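Residues per chain, in single letters:
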Amino acid sequence: MPEAQGSGPDLVLRAEHISVEYAGQRPTRAVRDVTIELRRGEVLGIAGESGCGKSTLAYALTRMLRPPAEMTGGGITFYPAERAPVDVMALEGEDLRAFRWNKISMVFQSAMNALNPVTSVARQFDDIFEAHRQHMDRAARHARARELLDMVGIDPKRINSFAHELSGGMRQRVMIAMALALEPEIVILDEPTTALDVVVQREILDEIERLREEFGFSVIFITHDLSMLLEVSDRLAVMYAGEVVERAPSEAVGTAPAHPYTLGLLRSFPDMRSARRELRGVPGIPPDLRDDFAGCPFAPRCDYRFEPCQTIHPVLEAPAERLLADDPALVKSWRVACHLHNPQHRPGGPPDELTAVPGERPARADDQAAAPVDGPESPESPVTAGSAGGE
């Protein structure tokens, strides 16, 4: 089944076949032929281990790549509300400058350290408005900055504070306020809760959800924490070795992952609603992105690999019919790059733990010891849950 294409009224961004390389004697192919869609008002989660290309993809979407990174292929189309589509790759100069932050903004990874340590919060808001709202005088800029701080739950009196005078959670809120300063239609959040304690993480997530409902912007939420994305996102794209290996509604992924890598990520954290089980993690280490992959890049770490995985590169296709459950929405939106779901390579279909009907989570006794398919057992020292995270 071909990959679903879309350009309907609910679409706000479509990136097709994005590829990014970092130049070198052996170029690092950090993003490989990635296609994603973002719908108006939704949260699209992008999950994967450190080094899988999540942040590089974000920089490509915003046209903020800098040497040695170079976008080597693909196109990006922005669909503004009630206006003609915009070819983002054709934007240059002032047009590109106007697109950034006005239409799409970003909360950068390690945002707690992104504030300038030697200038006040007020001065940093001034920089945004002087660059993009040149008609605003100083009083108007400061009034808007105070309004934004109040919007994210910070006392406007802190406008003259410096970064070292703010807690980690407050600095993160300031960065979110700056991203929303020009009322963009898309906000990219790159690891927005990293290094925050769980209580502050919850406060930040609640704040993001409240603001999204109030202002209607769309969110691309990037993190290694799949459990968090299952809670906050509408749809998920799981990346591995620079590629999207599974893309589906979040609820479906949470109850019935179709790709062995997604299943491994889910096994890396406890399920609070099910019986106690051993946390397994994902064995092995990610591949070297300077290499070409003849077969599936996940094959060396996969419990279910079989002969085609070594020689044939999988592409995103609809998963096994049992997973789709005659649901038109799933038929249209669920894609997985795995030979286990290809009837030409595996007529019997994938193993049971990769074909559970969404919403009907199977018993997880198989999590204790998954049966490999024509492949060796997992290494005796699997990667722990924590080693699959952190960017």
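Residues numbered from 1 in each chain as written. Predicted model: local features only at pLDDT ≥ 70, side-chain atom pairs only at ≥ 80, totals over all residues. Heavy atoms only, no water.

Caption draft 1: Looking closely at the pairing of strand E1 (residues 11-22). Where E1 meets strand E2 (residues 28-39), eight bridges bridge the pair, whose relative direction is antiparallel. Paired with Val20 across the strands is Val31, a residue of E2. Bridge analysis of E1 against strand E4 (residues 69-78) gives eight bridges, and the strand direction is antiparallel. Residue pairing in the sheet places Ala15 in a bridge with Ile76 of E4. (Pairing = 2+ DSSP bridges. Helix = DSSP H or I, 4+ residues; strand = E, 2+ residues; numbered from the N terminus.)

Caption draft 2: Region of interest: the pattern of salt bridges. According to the stated counting rule, one finds 22 salt bridges in the structure shown. Among the salt bridges present, the one from Arg29 reaches Asp292, with a minimum N-O distance of 2.8 Å. With Arg29 in strand E2 and Asp292 in the loop between helix H9 (260-266) and helix H10 (307-311), this residue pair connects regions lying 263 residues apart in the sequence. By relative accessible area, which is 29% here, Arg29 ends up partly exposed. Taking relative accessible area as the criterion, Asp292 reaches 62% and is therefore assigned exposed. Arg141 is the partner of Glu130 in a salt bridge, and the nearest nitrogen-oxygen pair spans 3.6 Å. Of this pair, Glu130 sits in helix H3 (residues 121-132) while Arg141 is found in helix H4 (residues 138-151), placing the two residues eleven residues apart along the sequence. Through salt bridges with shared partners, a single ionic network connects Arg123, Asp126, Asp127, Glu130 and Arg141. (Salt bridge = Lys/Arg side-chain N within 4 Å of Asp/Glu carboxyl O. Buried < 20%, exposed > 50% of the residue type's maximum accessible area, 1.4 Å probe, protein only.)

Caption draft 3: H4, seen in detail. With 14 residues, H4 ought to run about 20 Å at 1.5 Å a step, and its terminal C-alpha atoms sit 20 Å apart, in line with that. Within the sequence span of H4, burial applies to Arg141, His142, Arg144, Ala145, Leu148, Leu149 and Met151. Following H4 by one or two positions, Gly153 has its phi on the positive side, about 85°. (Expected span 1.5 Å × (residues − 1).)

Caption draft 4: Up close: the packing of helix H2 (residues 93-102) against H3. With their axes 10 Å apart at the nearest point, H2 and H3 run at an angle of 140° to one another. When the interaxial angle is binned, H2 and H3 end up oblique. Taken as a pair, H2 and H3 cross one another with a handedness that is left-handed. Two secondary-structure elements touch here, H2 through Arg97, Arg100, Trp101 and Asn102 and H3 through Ile128, Ala131 and His132. In the contact of H2 with H3, the residues fall into three nonpolar, two polar and two charged. (Axes fitted to C-alpha atoms, helices over the stretch in contact; angles between N-to-C directions. Parallel < 35°, antiparallel > 145°, perpendicular 65-115°, else oblique. Left-handed = near helix turned anticlockwise from the far one by under 90°. Contact = heavy atoms within 4.5 Å. Nonpolar A, V, L, I, M, F, W, Y, C, P; charged D, E, K, R; others polar.)

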